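Close look at the chain arrangement
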Amino acid sequence: MRSLSGLQKFLETKSAPVTVFDDKLRAFVADMHETMVESGGIGLAANQVGVTTRVITMLIPWSKSRYAEQEEKKEEWHDVKYTFINPVITKKAGKIKYQEGCLSFPEIFDFVDRAAEVWVDAVDEFGKPFQVHANGLFAVCLQHEIDHIDGIVFINRMSKLKSDLIRKKISRKGKLDISEKTAAKA
Ligand code: NI
């Protein structure tokens, strides 16, 4: 399992595309999936574990997605293990406001405005292209993770007042405490 702490400096770095699809990449992807699940996350971007390449892992368990106010119905993307390499959002539609959490900011949970639906082109760990059309939490999580590999953290999507307050709190304490909350983190 990879460490998720002390890696703040990588979070605001724009990651480079993956160009080599070899066993080393596939071992890293497997490692990311393990780290994500063991940390209780539903999504993870490579720069959250200190590697600045455009790799995202995701697995949204049906039960864990139920932190929204209303009960969600089971979607085809629930309980599916996804690996997105070099993902690109080709189309967006609608608006959604979801309470997001992040493995890199364990005690922060807040509402962020996102597109309600996104269409994404990506390749898998073998370099094979695929596309997804995402809605609900899957769309939110994809936008959260693609932001990560672009060097954008979710506190940048909040008001300046709020994100400054969070930054001040982080720099004062050095790090953030692990939250008792059980909401999904990505
Ligand atoms: Ni995150």
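Throughout this document, residue positions are counted from 1 along each chain, in the order its sequence is written. pLDDT decides what is reported in this predicted model: residues at 70 or higher carry local features, side-chain atom pairs at 80 or more are listed and counted, and totals for whole chains, interfaces and linings draw on all residues regardless. Neither water nor hydrogens contribute to the side-chain values; these are computed over all heavy atoms in the structure.

Notes on unusual backbone geometry
What counts is decided by this rule: Counting from the N terminus, the helices are the DSSP runs of H or I reaching at least four residues and the strands are the DSSP runs of E reaching at least two. Remark: exposure states derive from per-residue accessible area (1.4 Å probe, protein chains only) relative to the maximum for the residue type, with buried under 20%, exposed over 50%, and partly exposed in between.
Even without glycine at this site, Asp79 takes up a positive phi of about 65°. One can find Asp79 in the loop between strand S2 (55-58) and strand S3 (82-93). Judged by relative accessible area, which is 44%, Asp79 ranks as partly exposed. Positive phi, close to 50°, is recorded for Asn86, a residue that is not glycine. Among the secondary structure elements, Asn86 is positioned in strand S3. Since its relative accessible area comes to 22%, Asn86 is described here as partly exposed.

Looking at the environment of Val51
This is how it is decided: Here, residues are in contact when the closest pair of their heavy atoms is within 4.5 Å.
Inspection of the secondary structure assignment puts Val51 in the loop between strand S1 (43-45) and S2. Sequence-wise, Val51 and Ala16 are 35 residues apart; in three dimensions their C-alpha atoms are separated by 9.7 Å. Setting aside residues up to four positions removed in sequence, Val51 forms contacts with Arg2, Phe28 and Ala46.

Looking at the coordination of the nickel ion
Convention followed: Each metal's donors are the N, O and S atoms within 2.8 Å of it, or within 3.2 Å when it is Na, K or Ca, and because water is not part of the set, sites may look incomplete. Every geometry call rests on angle ranges, with four donors termed tetrahedral when all angles are between 85 and 135 degrees, four termed square planar and six termed octahedral when opposite donors are over 155 degrees apart and all others are between 65 and 115, and everything else termed irregular.
Distances from the nickel ion to its protein donors, Cys102 (SG), His144 (NE2), His148 (NE2) and Ala186 (O), fall at 2.0 to 2.2 Å. Angles of 96 to 140° at the metal separate the four donor atoms of the nickel ion, which places the site in the irregular class. Of note, the donors binding the nickel ion are all from one chain and are spaced C-x41-H-x3-H-x37-A. One end of the pair, His148, is in helix H3 (residues 136-149); the other, Ala186, is in the segment after helix H4 (160-173), and 38 residues separate them in sequence. Given a relative accessible area of 0%, His148 falls into the buried group. Among the residues examined, Ala186 registers a relative accessible area of 4% and is labelled buried.

Bear in mind that shape data such as this cannot, by itself, settle questions of function.
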